[in-house]
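A look at the structure
Residue strings, one per chain:
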Amino acid sequence: MNRLNRATVASCPRAVSVNGFPHPDREADIQTRDATPDAGMIAQDPPHPRRVLAYALLSLLCWSVPAPAAASDQLPIGTLADAAQASAFTPERVPGANDWNCVPTAAHPYPVVLVHGTMVNMGFTWAALAPRLKNAGYCVYALNYGHNAFSLGQRAGALTDIAASAGALKTFIDRVLAATKAPQVDIVGHSQGGLLPHYYIKRLGGAPQVHTFIGLAPSNHGTSVSGLLALVKKTSLINGFNWATAATTASVMQQETGSPFITALFADGDTIPGPNYVVIATAKDLIITPYTQSFLKGNAVRNITIQDQCPADDTGHIGLPFDGPTIQNLLNILGANDPHFKPDCRGYGNSV
């Protein structure tokens with residue numbers, strides 16, 4: 001495909017595939033929106049004629065661009081660009097997650113619960129991992145949490161008190177277990193999403209409900225002030241968020257190294273008996289600083305630095321959930337759990 005055609009495909013309307021037919025995933029999204037009261041209000045405003053014409057011309061142009069056919073039962077894997085678009089337009093959902101009719105299989109008996117980090121949302125963080133897990137046969141669930149007056153709807157989450165957010169996680173996991181009839185869940189959390197499940201496990205009685213807990217660059221033992229400022233600034237670019245305001249929110253300050261919240265949470269040790277604990281971190285992390293603050297001590301703990309496996313992998317904090325070797329490790333941990341597993345060193349995440 002030449003450069004022009006690649007640009008054309010990238011700009012095709014999301015509701016129309018590059019072959020000119022409605023993409024099944026987008027068609028399902030449209031049906032879902034049409035079934036909601038908000039969609040009805042949106043539909044009352046007639047589209048501007050020039051917008052309709054532009055959409056039609058772009059759709060016609062897309063018709064002429066060849067594209068490989070995708071397997072009908074496989075969801076596309078999102079990129080960081082897809083994640084940014086989802087953060088703006090569909091922060092409350094992500095392909096592959098929250099099928100409440102999903103039945104766990106013998107091969108994958110534990111539903112996977114995905115927990116995003118500070119100032120982002122499920123639509124952004126899990127654009128790659130949720131469909132990848134769904135395609136592999138898992139029942140996948142994700143939540144948005146921790147909203148306040150500065151959350152821009154559900155676009156900037158995980159801003160409120162982490163203990164309160166852990167309560168929301170407990171309610172969500174109870175719902176997942178009730179729907180799937182599974183005995184336990186696996187949790188995958190990124191950044192703050194890899195910290196707050198500790199409160200659920202240690203303080204809210206969640207340990208018996210958790211089989212494996214995987215943290216991706218979690219803020220377990222906090223980060224320096226420079227790391228917090230980097231987090232606020234980088235995620236603010238994604239959300240159009242006032243980073244100076246974000247610095248006053250409860251969860252941001254709770255993630256500073258030595259904060260009263262972190263000190264109290266880990267005063268009795270990093271782990272408790274029951275769950276298996278895994279941390280995957282990147283030495284290129286500029287938000288959790290130093291990156292070793294992510295690591296845990298205790299029984300049933302495995303700490304992985306992705307550069308120990310793939311030295312050329314320069315993925316950063318935000319890019320880690322999109323990183324090929326990281327996702328390969330995660331699938332191994334949730335599946336065969338081969339202790340000698342080595343990922344293919346390709347498909348690295350973004351360096352941010």
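Residues numbered from 1 in each chain as written. Predicted model: local features only at pLDDT ≥ 70, side-chain atom pairs only at ≥ 80, totals over all residues. Heavy atoms only, no water.

Across the six residues of strand β5 (residues 276-281), five count as buried, placing the element largely inside the fold. Strand direction decides the pairing type here: strand β4 (residues 210-216) and β5, joined by five bridges, are parallel. If you follow Ile214 over to β5, its bridge partner there is Val278. Judged from the five bridges that link them, β5 and strand β6 (residues 301-305) form a sheet pairing that is parallel. In the sheet register, Ala281 faces β6, and the bridge partner there is Thr305. (Buried < 20%, exposed > 50% of the residue type's maximum accessible area, 1.4 Å probe, protein only. Helix = DSSP H or I, 4+ residues; strand = E, 2+ residues; numbered from the N terminus. Pairing = 2+ DSSP bridges.)

Below, the discussion takes up the confidence of the model for the protein chain. Where the model shows low pLDDT, its predicted coordinates should not be examined in detail. Here the protein chain shows a mean pLDDT of 80. Residues at 70 or above account for 72%. pLDDT under 50 marks residues 1-71. Its contacts with residues more than four places away, or in other chains, come to 51 contacts. (pLDDT = per-residue confidence, 0-100. Contact = heavy atoms within 4.5 Å.)

All right, on to unusual backbone geometry then. Peptide bonds are trans in most cases, and residues, glycine excluded, mostly fall at negative phi. Cis geometry marks the peptide bond from Thr289 to Pro290, where omega comes out at -10°. The backbone phi angle of Asn98 is positive, close to 70°, even though this residue is not glycine. When you line up the elements, Asn98 lands in the loop between α5 (80-89) and β1 (112-115). At Ala300, a residue that is not glycine, the phi angle is positive and equals roughly 55°. Looking at where Ala300 falls in the secondary structure, it is placed in the loop between β5 and β6.

Glancing now at the pattern of salt bridges. Under the defined criterion, the tally for this structure stands at six salt bridges. For Asp174, the salt bridge identified is with Lys170, shortest N-O distance 3.2 Å. One end of the pair is Asp174 and the other is Lys170, both in helix α8 (residues 162-180) and four residues apart, which spans about a single turn. The partly exposed category is assigned to Asp174, whose relative accessible area is 35%. As a salt-bridge pair, Lys202 and Asp268 come within 2.8 Å of each other at their nearest N and O atoms. Here the residue Lys202 occupies a position in helix α9 (residues 196-203), and Asp268 occupies one in the loop between α13 (260-265) and β5, the gap between them amounting to 66 residues. Given a relative accessible area of 12%, Lys202 falls into the buried group. If you follow the salt bridges from partner to partner, you end up with Lys202, Arg203 and Asp268 in one network. (Salt bridge = Lys/Arg side-chain N within 4 Å of Asp/Glu carboxyl O.)

Bringing the layout of surface pockets into the picture now. The space that makes up the second largest pocket amounts to roughly 250 Å³. Residue lining of the second largest pocket: 18 residues in total, with Thr212, Asn276, Val278, Ile333 and Asn337 positioned closest to the centre. The leading source of residues in the lining of the second largest pocket is β5, at three residues. For the lining of the second largest pocket, the residue count by class is ten nonpolar, six polar and two charged. (1 Å grid on protein atoms, 1.4 Å probe; cavity = no way out; pocket = protein on both sides within 12 Å on 5 of 7 lines; lining within 4 Å. Points joined across faces, edges and corners; volume = space filled by probe spheres on them. Nonpolar A, V, L, I, M, F, W, Y, C, P; charged D, E, K, R; others polar.)

What the rule picks out here adds up to two disulfides. Across the disulfide from Cys310 sits Cys345; the S-S distance is 2.1 Å. Across the S-S bond linking Cys310 and Cys345, the dihedral sits near -85°, which makes this disulfide left-handed. On the criterion of sequence distance, the pair formed by Cys310 in the loop between α14 (306-309) and α15 (324-334) and Cys345 in the segment after α15 is long-range, its members being 35 residues apart. (Disulfide = S-S within 2.5 Å.)

Burial analysis of α15 places eleven of its eleven residues in the buried class, which makes it a mostly covered element. Here α15 has its buried residues at Gly324, Pro325, Thr326, Ile327, Gln328, Asn329, Leu330, Leu331, Asn332, Ile333 and Leu334.

So, on to the sheet that holds β5. Strand order in the open sheet made by the six strands is β2-β1-β3-β4-β5-β6, with parallel pairing throughout. The sheet is open, and its two borders are formed by β2 (140-143) and β6, each paired with just one other strand. Averaged over all neighbouring strand pairs, the angle between strand axes comes to 15°, with direction disregarded. Contacts from α9 reach β1, β3 (185-190), β4 and β5, with the element oriented near 155° to β4. (Axes fitted to C-alpha atoms, helices over the stretch in contact; angles between N-to-C directions.)

Applying the stated criterion across every chain yields a total of six aromatic pairs. Ring geometry for Tyr199 and Phe261: centres 5.9 Å apart, planes at 20°, overall stacked. Of this pair, Tyr199 sits in helix α9 while Phe261 sits in helix α13, and the two are 62 residues apart along the sequence. Given the relative accessible area of 22%, Tyr199 is considered partly exposed. Residue classification places Phe261 among the buried residues on the basis of a relative accessible area of 13%. (Phe/Tyr/Trp six-rings, centres within 6.5 Å; stacked < 30°, edge-to-face > 60°.)

Checked against the element boundaries, Gly146 lands in the loop between β2 and α8. As a C-alpha pair, Gly146 and Ala164 span 18 residues in sequence and 7.8 Å in three-dimensional space.

Here we take up α8. Three- or four-residue spacings in an α-helix give side chains the same orientation, since the helix completes a turn every 3.6 residues. For α8, which comprises 19 residues, the first-to-last C-alpha distance of 27 Å matches the rise-based estimate of 27 Å (1.5 Å per residue) to within 8%. Restricting attention to buried positions, one finds in α8 the residues Ile162, Ala163, Ser165, Ala166, Leu169, Phe172, Ile173, Val176, Leu177 and Thr180. The arc enclosing the buried residues of α8, seen along the axis, measures out at 160°, which places them on a common side. Taken from the residues just after α8, Lys181 is the one with a positive phi, measuring 65°. (Expected span 1.5 Å × (residues − 1). Arc of directions from axis to C-beta.)

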